[in-house]
Amino acid sequence: MIDTRVETFLTLCRVMNYRRTAELLHMTQPAVTQHIHFLEARYGCKLFRYDHRRLVMTKEAELLKRCAENVLYQEKKLKAELNRRGGLQLSVGATKTIGEYVIGPHVAAFLADPENRISVSVENTEALLDSLSGGRIDFALVEGNFDRSRYSSRLYRQEPFVGLCAAGHPFANRTVPLDRLWSNTLLLREEGSGTRNILRQLLHANSHTLGEFARICTVSSFGLMTALLEQNAGITFAYRAVGAANPALAEFRVEGWEVTRAFHYVYLDTPSSEYAVKAFDAWKNSGLCPVPGLSEDTDSGTAGC
């Protein structure tokens, strides 16, 4: 079982404040300090230091944190296994595009076994990785960047990044020159979103900016965005899955733009995490989960269904 002093260490890593750590763990602040000093003596290294009165972790603390998170997750999975009566029980996370438009058929296939249980959290990548590090989810399905030195990963699927508009829009099912975009209202996800960043990078590579569009409307909800697209209130750029099942929407392409991005399983480097990923992925490949546009080719051990 994980040492309580390691739990103190992980809490301090999360909040980076001795007083707050003591409050959260219902301890005294000197007791928190003693726990950290014990670990420093055990491992023969300094775990925290102050930089202009700001508490920072040492590189040794970063390594210990990573290992401790893995052990904590393994312990939680052990408890779950000891109490499991049948089937699989998973807790997973997904970024917005994947959670709302991609994994529905996959989750339904998994639930075809009446003994399987699953909980799905749809969050941004940062929140999902925090949940992953804290052992609150078994794995995350992400469309954005992540620290590959800290987490293991496996390809889920490749997804084209395309233009979307109303089915009656002049761009519908056409390839258009870049300079035809500027007269349109651009419906765009919020700052920091993956799709916004991809579009910004594409424009920058062609010496253009978002500011050249006639108007930009920022929309954080995919539901509202697709409703606006259906009403021909603007155009957007997103992953194909967002519009694939909506007959009121159509794709368009920009000359010279052929963009595909990978969706990944991201998980801790533990046997239990890898087992959870493989178990869930097997349902995608079972034939019960049709995912349009995927081939039978494999990459990093993951095949299309």
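The structure this text deals with has already been given above.
Procedures and definitions
Each chain carries its own residue numbering, running from 1 in the written order of its sequence. Side-chain atom pairs in this predicted model are given and counted only at pLDDT of 80 or more, local residue features only at pLDDT of at least 70, and totals for whole chains, interfaces and linings cover all residues. Hydrogens and waters are ignored; side-chain quantities use all the structure's heavy atoms. A cavity here means a set of points on a 1 Å grid, drawn over the protein atoms and nothing else, where a 1.4 Å probe fits but cannot get out; a pocket is an open set with protein on both sides within 12 Å along at least five of seven lines, and a residue lines either one if it has an atom within 4 Å of a point. Grid points are joined across faces, edges and corners, and a volume is the space filled by probe spheres set on the points. Per the convention used, a helix needs a DSSP run of H or I reaching at least four residues, while a strand needs a run of E reaching at least two, with both numbered from the N terminus. Amino acid classes used here: Ala, Val, Leu, Ile, Met, Phe, Trp, Tyr, Cys and Pro are nonpolar; Asp, Glu, Lys and Arg are charged; the rest, including Gly, are polar. Aromatic rings from Phe, Tyr and Trp, with only the six-membered ring used for Trp, were paired whenever their centres fell within 6.5 Å, and each pair was classed as stacked if the ring planes differed by under 30 degrees, edge-to-face if by over 60, and tilted otherwise. Per-residue accessibility, obtained with a 1.4 Å probe over protein chains only, is compared with the maximum for each type, and a residue is labelled buried under 20%, exposed over 50%, and partly exposed between these values. Residues are treated as being in contact if the distance between any of their heavy atoms lies within 4.5 Å.

S.K.: Tell me about empty space enclosed by the protein, and name the residues and values.
M.R.: A full pass over the atoms with the stated rule returns 1 cavity of 30 Å³ or more. Approximately 80 Å³ is the volume found for the largest cavity. Around the largest cavity sit Phe161, Val162, Gly163, Leu202, Phe237, Phe252, Arg253, Val254, Trp257, Glu258 and Val259, which together line it. Looking at the lining of the largest cavity, the elements that each hand over two or more residues are strand 6 (152-166) and strand 11 (249-254). For the lining of the largest cavity, the class distribution of residues is 8 nonpolar, 1 polar and 2 charged.

S.K.: Can you tell me about the packing of aromatic side chains, naming the residues and giving the values?
M.R.: The final tally for this structure, using the stated rule, is 13 aromatic pairs. Where phenylalanine 139 meets tyrosine 265, the ring centres are 5.4 Å apart and the plane angle is 75 degrees; that geometry is what we call edge-to-face. Here the residue phenylalanine 139 occupies a position in strand 5 (residues 139-142), and tyrosine 265 occupies one in strand 12 (residues 259-267), the gap between them amounting to 126 residues. Both residues of the pair, phenylalanine 139 and tyrosine 265, count as buried.

S.K.: Residue-level account of the environment of valine 32, with values.
M.R.: As for its position among the elements, valine 32 is in helix 3 (residues 29-43). Not counting residues up to four positions away in its chain, the partners in contact with valine 32 are Thr8, Tyr18, Thr21, Ala22 and Met27.

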